[in-house]
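So you can see what is in the structure, the chains are spelled out below.
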Amino acid sequence: MIFLDEINQKQAIKIIDNYLKADLELAKSRRNFIISKNVKQYLKDIFKNENLHSIILSEETLAQHFLKHPEITANDYYFVLKSLGKKPLANFESGKNNQLFYYDNSEKIYYRIAIKATKNDEIFVKSVVKGDEKLKKEIDKMNSLPH
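Residues numbered from 1 in each chain as written. Predicted model: local features only at pLDDT ≥ 70, side-chain atom pairs only at ≥ 80, totals over all residues. Heavy atoms only, no water.

**Student:** Summarise the nonpolar core; cite the residues concerned and give the values.
**Tutor:** Grouped together as the largest cluster of nonpolar side chains are 35 residues, with contacts concentrated most on Ile 16 and Leu 43. Secondary structure elements with two or more residues in this core: helix H1 (9-20), helix H3 (41-47), strand E3 (54-58), helix H5 (74-83), strand E5 (97-104), strand E6 (109-117) and strand E7 (122-131). When near neighbours in sequence (up to four residues on either side) are disregarded, Leu 43 contacts Leu 52, Ile 55, Leu 84, Leu 100, Ile 115 and Ile 123. The next biggest cluster of nonpolar side chains, apart from the first, holds six residues, and it includes Ala 90, Phe 101, Leu 135 and Ile 139. (Core = buried A, V, L, I, M, F, W, Y, C linked by side-chain atoms within 4.5 Å. Buried < 20%, exposed > 50% of the residue type's maximum accessible area, 1.4 Å probe, protein only. Helix = DSSP H or I, 4+ residues; strand = E, 2+ residues; numbered from the N terminus. Contact = heavy atoms within 4.5 Å.)

This is the structure:
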């Protein structure tokens with residue numbers, strides 16, 4: 001286990017990059033995780049669970065996702081982990097699964113992050129999508145729906 005809050009950005013990006021490029025079967029057997037303890041109240045509110053204590057990104061998820069989406073880099077995943085400490089632009093709730101939307105102002109990129117709450121009171125990052133205007137339209141649509 002690697003605790004995001006105990007390493008610097010450069011170290012985190014290097015670890016994430018190694019996880020992205022890992023052999024999938026090896027990643028499954030190693031069960032490595034990057035963990036952030038930065039669970040804000042809005043995430044607890046989204047899942048209606050005051051006991052949530054960690055945000056988890058697994059090596060297996062990264063290796064799997066990299067096979068389908070090699071355009072999503074270690075820098076993107078680092079941004080995602082840090083962003084989950086901030087309120088999203090939009091949130092689409094679906095039971096235990098949620099999609100959160102963020103914008104990286106410096107890179108001019110939108111992100112959709114699929115997360116779920118686990119029975120161990122953790123938030124697990126399931127997938128990440130990045131984009132531009134198409135994702136922006138999705139965010140606008142989410143924000144126009146009645147809450």
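**Student:** Can you lay out the packing of H1 against H5 for me, pointing to particular residues and giving the numbers?
**Tutor:** Packed helix pairs are characterised by how far apart their axes lie and by the angle those axes make with each other. One can describe the packing of H1 onto H5 by two numbers: an axis separation of 8 Å at closest approach and a directional angle of 120 degrees. Here H1 lies oblique to H5, going by the angle between them. Where H1 crosses over H5, the handedness of that crossing is right-handed. Contacts from Gln 9, Ala 12, Ile 13, Ile 16, Asp 17 and Leu 20 in H1 reach Ala 74, Asn 75, Tyr 77, Tyr 78 and Leu 81 in H5. The residue makeup of the contact of H1 with H5, split by class, is eight nonpolar, two polar and one charged. (Axes fitted to C-alpha atoms, helices over the stretch in contact; angles between N-to-C directions. Parallel < 35°, antiparallel > 145°, perpendicular 65-115°, else oblique. Left-handed = near helix turned anticlockwise from the far one by under 90°. Nonpolar A, V, L, I, M, F, W, Y, C, P; charged D, E, K, R; others polar.)

**Student:** Got a sec to walk through H1? Specific residues and values, please.
**Tutor:** Taking 1.5 Å of rise per residue, the twelve residues of H1 would be expected to cover 16 Å, and the 16 Å separating its terminal C-alpha atoms lies within 8% of that figure. Within H1, the full set of buried residues consists of Ala 12, Ile 13, Ile 15, Ile 16, Tyr 19 and Leu 20. Taken end-on, H1 shows its buried residues confined to a sector of 165 degrees, consistent with a single buried face. The exposed residues of H1 that point more than 90 degrees off its buried face are Lys 10 and Lys 14. Elements in contact with the buried residues of H1: strand E1 (2-3), strand E2 (33-36), helix H4 (59-68) and H5. Two to three positions downstream of the cap, the backbone nitrogen of Lys 10 sits 3.1 Å from a side-chain oxygen, assigning the N-cap of H1 to Asn 8. (Expected span 1.5 Å × (residues − 1). Arc of directions from axis to C-beta. Polar contact = N/O pair within 3.5 Å; in protein donor to acceptor, adjacent residues only side chain to side chain.)

**Student:** How would you explain the pattern of salt bridges if you had to name every residue and give the values?
**Tutor:** Pairing between side chains of opposite charge can happen when the charged atoms of each approach one another. Under the defined criterion, the tally for this structure stands at seven salt bridges. Here Glu 93 makes a salt bridge to Lys 48, at a shortest N to O gap of 3.9 Å. Of this pair, Glu 93 sits in strand E4 (residues 90-94) while Lys 48 sits in the loop between H3 and E3; the two residues are 45 residues apart in sequence, bridging distant segments of the chain. Classification of Glu 93 by relative accessible area gives partly exposed; the value is 43%. (Salt bridge = Lys/Arg side-chain N within 4 Å of Asp/Glu carboxyl O.)

**Student:** If you had to explain the pairing of E5 to someone new, which residues and values would you point to?
**Tutor:** Where E4 and E5 come together, five bridges link them in antiparallel fashion. Its bridge partner lying in E5, Phe 92 is registered against Gln 99. Where E5 lies against E6, eight bridges are found, and the strand directions are antiparallel. Its bridge partner being in E6, Asn 97 is matched across the sheet by Lys 116. Taking the residues between adjacent antiparallel strands as the criterion, E5 and E6 are bridged by four residues, where Lys 108 takes a positive phi near 60 degrees. (Pairing = 2+ DSSP bridges.)

Keep in mind these values describe shape, not function.
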